[in-house]
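One letter stands for each residue in the lines below.
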Amino acid sequence: MNSTSPTYAVNPATACPDPQAARLVATAYDTIRRRYVEGRHQIGAAIIAADGKVYLGIHVEAMVGRFSVCAEMAALAAARLCTNQPLLAVAAVRYPKPSEAGGARIVSPCGGCREVLLDHAPQIQAVVPQGEQGVFAPLHTILPIKYVGTKWGAQLPIQAP
Ligand SMILES: [Zn+2]
């Protein structure tokens, strides 16, 4: 897997051969295109649940940087606010600053998001940049040895009431 993220001049969904990946990327792109604020919100995310419903999130920047919230975490919270359905896939798109060359691009979940997404959706796939394309990767394959504490045991997902 290529570790660099390609840039795209247009909607990065056009770089996704898989129709479901393209749909998720297009939704994440549209979300951040509509809600982008420089220095405040630069990444949009979309998560699809097993029933086909899609949940959105945007990155929320904080003055104290480590308290910023990733778009994937916002989308996970939005999904869990509405459904206990298994979460099948996630995509995130970074919108460029006005001063940057190039267009929006697909971004992989950061390490922290990989951990938390796998805590709540062990089978989830992520759209990741690979060469000039965006492709699905099972999230556990890009975080093969995740942290497992004693809080919940090894079998997930959690069954909500
Ligand atoms: Zn993250």
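Residues numbered from 1 in each chain as written. Predicted model: local features only at pLDDT ≥ 70, side-chain atom pairs only at ≥ 80, totals over all residues. Heavy atoms only, no water.

(A) Representation of the overall build of the chain within the structure. Looking only at helices and strands, one finds four helices and six strands in the chain. The linear arrangement of helices and strands in the chain, starting from the amino end, is α-β-β-α-β-β-α-β-β-α. When each of the 161 residues of the chain is scored for burial, the buried share is 40%. Long-range contacts, defined here as pairs at least 24 residues apart, represent 58% of the contacts in the chain between residues at least 6 apart. Carbon and sulfur atoms make up 56% of the accessible area of the chain, which totals about 8700 Å². (Helix = DSSP H or I, 4+ residues; strand = E, 2+ residues; numbered from the N terminus. Buried < 20%, exposed > 50% of the residue type's maximum accessible area, 1.4 Å probe, protein only. Contact = heavy atoms within 4.5 Å. Areas by Shrake-Rupley, 256 points an atom, 1.4 Å probe, with all protein chains shown as cover.)

(B) Focus on the pattern of salt bridges. Enumeration over the complete set of coordinates arrives at five salt bridges. Residue R94 pairs with E100 through a salt bridge whose shortest N-O separation is 2.9 Å. Taken together, the shared-partner salt bridges connect D30, R33 and R34 into one network. (Salt bridge = Lys/Arg side-chain N within 4 Å of Asp/Glu carboxyl O.)

(C) Structural detail: the side chain of R94. Here R94 is to be found in strand β3 (residues 87-94). Its relative accessible area of 13% is what places R94 among the buried residues. Looking at R94, its side chain comes within polar contact range of the side chain of E100, at 2.9 Å. Among all residues touching R94, those that are not within four sequence positions of it are Q42, I43, E100, A104, R105 and V107. (Polar contact = N/O pair within 3.5 Å; in protein donor to acceptor, adjacent residues only side chain to side chain.)

(D) Region of the structure containing the pairing of strand β6 (residues 133-138). Relative to β6, strand β5 (residues 125-130) is paired through six bridges, and the arrangement is antiparallel. Residue pairing in the sheet places Q130 in a bridge with Q133 of β6. As consecutive antiparallel partners, β5 and β6 are separated by two residues, and within that stretch G131 has a phi angle of approximately 60°, a positive value. (Pairing = 2+ DSSP bridges.)

(E) Molecular detail of the packing of helix α2 (residues 71-82) against helix α3 (residues 111-120). Running from N to C, α2 and α3 point in directions that differ by 15°, and their axes come no closer than 10 Å. The angle between α2 and α3 falls in the class roughly parallel. The handedness of the crossing between α2 and α3 comes out as left-handed. Touching E72, M73, L76 and R80 of α2 are C113, V116, L117 and H120, all from α3. Grouping the amino acids of the contact of α2 with α3 by side-chain chemistry returns five nonpolar, one polar and two charged. (Axes fitted to C-alpha atoms, helices over the stretch in contact; angles between N-to-C directions. Parallel < 35°, antiparallel > 145°, perpendicular 65-115°, else oblique. Left-handed = near helix turned anticlockwise from the far one by under 90°. Nonpolar A, V, L, I, M, F, W, Y, C, P; charged D, E, K, R; others polar.)

(F) Spotlight on helix α1 (residues 19-35). Helix length check: α1 (17 residues) gives 24 Å between terminal C-alpha atoms against 24 Å at 1.5 Å per residue, within 8%. Taken together, the buried positions of α1 are occupied by A21, A22, L24, V25, A28, Y29, T31 and I32. In this fold, the buried residues of α1 make contact with β1 (43-49), β2 (54-58), β3, β4 (105-106), β5 and β6. Structurally, the start of α1 carries an N-cap: the backbone nitrogen of Q20 is 2.8 Å from a side-chain oxygen of D18. (Expected span 1.5 Å × (residues − 1).)

(G) Looking closely at α3. Regarding α3, the residues found buried are C113, R114, L117, L118 and D119. Looking at the buried residues of α3, the elements they touch are β1, α2, β3 and α4 (139-142).

(H) Layout of the confidence of the model for the chain. With 89% of its residues at a pLDDT of 70 or more, the chain shows a mean pLDDT of 90. Scored below 50 in pLDDT, residues 1-9 shows 27 contacts in the model against residues more than four places distant or in partner chains. (pLDDT = per-residue confidence, 0-100.)

(I) Representation of the coordination of the zinc ion within the structure. Here the zinc ion is held by the protein donor atoms C70 (SG), C110 (SG) and C113 (SG), which lie 2.2 to 2.3 Å from it. Each donor residue of the zinc ion lies on the same chain, and together they follow the pattern C-x39-C-x2-C. (Donors = N, O, S within 2.8 Å, 3.2 Å for Na, K, Ca; no water.)

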